[in-house]
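Residues per chain are reported as follows:
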Amino acid sequence: MLFRSQLRHAAALALGEMGPSAVKASAKLAEKLNDPDEMVREHAAIALAAIGRGAHEAIPALTKSLGDDDKHVRIAAVHALSSMQDLALPAVPAMIERLKDSDDDVRRSAALALATLGPKARAAMRALGEASNSEKESQVREAVLLALAEMGPDRKSTRLNSSHLVISYAVFCLKKK
């Protein structure tokens, strides 16, 4: 059993290295998001991220993987969805849920993924506003602020009310080119 798991893991790694040219393997990689081995699931998601928009048929499986027990699988699924850009818009509600994840790396990845979607993910603004006020981890808070900045100037639905947040946001905007 271990050998087969290692073989599946190696296959997912190899397909990831191929990038977009491995698009024909997208459906099989999506199936591997349900593999019993978390390393296989993680590397299947990483391979789908490397394939990018061409792997759009995996969006439902990747969205489901956002709830995986393993944090590395959740992070890889967020990155894969992010690589699919606007095609991943149906996954925005699930990404919003990851802003409340118990792991700060997952929360940060979700915020960055929402930032990559920009104004098209404005449905996340309220949750991002709440996260910006409640988040304790500085790197996650910075990612949340970036996501808010990428959403555009209309932030009426968010609650940017803490002085720390306003200062952080202003510093971020000054750094932006």
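Residues numbered from 1 in each chain as written. Predicted model: local features only at pLDDT ≥ 70, side-chain atom pairs only at ≥ 80, totals over all residues. Heavy atoms only, no water.

Chemist: Explain helix α3 (residues 38-51) here, please?
Modeler: Along an α-helix, a turn takes 3.6 residues, which lines up residues three or four apart on a common side. Over its 14 residues, α3 extends 20 Å from the first C-alpha to the last, a length consistent with the 20 Å expected when each residue adds 1.5 Å. Those residues of α3 that fall on the buried side of the exposure criterion are V40, R41, E42, H43, A44, A45, A47, L48 and I51. In the segment just after α3, G52 is the residue with positive phi, at about 80 degrees. (Helix = DSSP H or I, 4+ residues; strand = E, 2+ residues; numbered from the N terminus. Expected span 1.5 Å × (residues − 1). Buried < 20%, exposed > 50% of the residue type's maximum accessible area, 1.4 Å probe, protein only.)

Chemist: How should the environment of V23 be read in this particular structure?
Modeler: Of note, V23 is situated in the loop between α1 (2-18) and α2 (26-31). The spacing of V23 and H56 is 33 residues in sequence and 9.6 Å in space, taken between C-alpha atoms. Excluding anything up to four places from it in sequence, V23 contacts I51, G54 and A55. (Contact = heavy atoms within 4.5 Å.)

Chemist: What's the story with the packing of helix α5 (residues 71-83) against helix α7 (residues 104-117) in this structure? I'm lost.
Modeler: For the pair α5 and α7, the least separation of the axes is 9 Å and the interaxial angle reads 5 degrees. Comparing the axis directions of α5 and α7 gives the class roughly parallel. Residue-level inspection shows K71, R74, I75, V78, H79 and S82 of α5 in contact with α7, the latter providing D105, V106, S109, A110, A113 and T116. (Axes fitted to C-alpha atoms, helices over the stretch in contact; angles between N-to-C directions. Parallel < 35°, antiparallel > 145°, perpendicular 65-115°, else oblique.)

Chemist: For this particular structure, what's the right way to read the side chain of E42?
Modeler: Of note, E42 is situated in helix α3. Within the buried core, E42 has no salt-bridge partner, and the shortest N-O distance to an opposite charge, that of R41, equals 8.9 Å. (Lys, Arg positive; Asp, Glu negative; His and termini not counted. Salt bridge = Lys/Arg side-chain N within 4 Å of Asp/Glu carboxyl O.)

Chemist: Mind showing me how you'd approach the side chain of S82 here?
Modeler: You can see S82 is positioned in helix α5. Exposure remark for S82: the relative accessible area of 17% places this residue in the buried category. Once residues lying within four places of it in the same chain are set aside, the contact partners of S82 are A113 and T116.

Chemist: For this particular structure, what's the right way to read the pattern of salt bridges?
Modeler: Pairs can form between side chains of opposite charge whenever their charged atoms are close. With the rule as written, the count across this model stands at 11 salt bridges. Taking the shortest distance from any N to any O, the salt bridge between R53 and D86 comes out at 2.6 Å. Of the two residues, R53 is situated in the loop between α3 and α4 (59-65) and D86 in the loop between α5 and α6 (92-98); the sequence distance between them amounts to 33 residues. Notably, a salt bridge pairs K120 with D86, separated by 3.8 Å at the nearest N-O pair. Separated by 34 residues along the polypeptide, K120 in the loop between α7 and α8 (125-134) and D86 in the loop between α5 and α6 bring together distant segments of the chain. A relative accessible area of 57% means that K120 is categorised as exposed. The exposure class assigned to D86 is partly exposed, which follows from its relative accessible area of 32%. Overlapping salt bridges bring together R53, D86 and K120 as one network.

Just distances and angles here, no functional claims.
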